[in-house]
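Here's the letter readout for the chains.
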Amino acid sequence: MAHTVSEPRGVILRPDVLIAIALTGMIGFSLGQNWPHISSGTAETAAPISEDWHGNVRRSHWPD
């Protein structure tokens with residue numbers, strides 16, 4: 001019985017598969033960026049958090 005040395009297969013780059021993956025990623029990213037925000041029209045939105053001009057959230061609601 002003859003013994004053969006096994007060699008690992010080399011990496012095969014298939015440009016068509018790589019292009020398909022890249023296009024799918026770009027289309028998915030584009031759809032994710034332009035997808036409308038899902039919110040119910042009947043629910044009222046909460047009042048925005050009061051911040052000072054530095055962007056710090058105000059902890060007191062007393063008038064200045």
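Above this text is the structure in question.
Residues numbered from 1 in each chain as written. Predicted model: local features only at pLDDT ≥ 70, side-chain atom pairs only at ≥ 80, totals over all residues. Heavy atoms only, no water.

## As for the overall build of the protein
On a plain count of helices and strands, the protein comes out with one helix and zero strands. Taken over 64 residues, the protein has a buried fraction of 0%. Of the roughly 7100 Å² of accessible surface on the protein, 63% is carried by carbon and sulfur atoms. (Helix = DSSP H or I, 4+ residues; strand = E, 2+ residues; numbered from the N terminus. Buried < 20%, exposed > 50% of the residue type's maximum accessible area, 1.4 Å probe, protein only. Areas by Shrake-Rupley, 256 points an atom, 1.4 Å probe, with all protein chains shown as cover.)

## Some details on the pattern of salt bridges
Applying the stated criterion across every chain, the model contains one salt bridge. Between D16 and R14 there is a salt bridge; the shortest N-O distance is 3.2 Å. The class of R14 is partly exposed, set by a relative accessible area of 47%. (Salt bridge = Lys/Arg side-chain N within 4 Å of Asp/Glu carboxyl O.)

## Here's the deal with helix α1 (residues 15-34)
Helical geometry note: an α-helix holds 3.6 residues per turn, so side chains three or four residues apart project in the same direction. Compared with the 28 Å implied by 1.5 Å per residue over 20 residues, the 28 Å span of α1 between its first and last C-alpha is a close match. Among the 20 residues of α1, zero are classified as buried, and the element is accordingly described as predominantly exposed. (Expected span 1.5 Å × (residues − 1).)

## Section: a nonpolar patch on the surface
A cluster of nonpolar residues, I19, L23, M26, I27, L31 and W35, forms a patch on the protein surface that exposes about 660 Å² of accessible area. When you line up the elements, L31 lands in helix α1. Of the residues examined, L31 reaches a relative accessible area of 46% and is grouped as partly exposed. (Patch = residues over 30% accessible without salt bridge, like charges linked within 9 Å, V, L, I, M, F, W, Y side chains within 5 Å.)

Keep in mind these values describe shape, not function.
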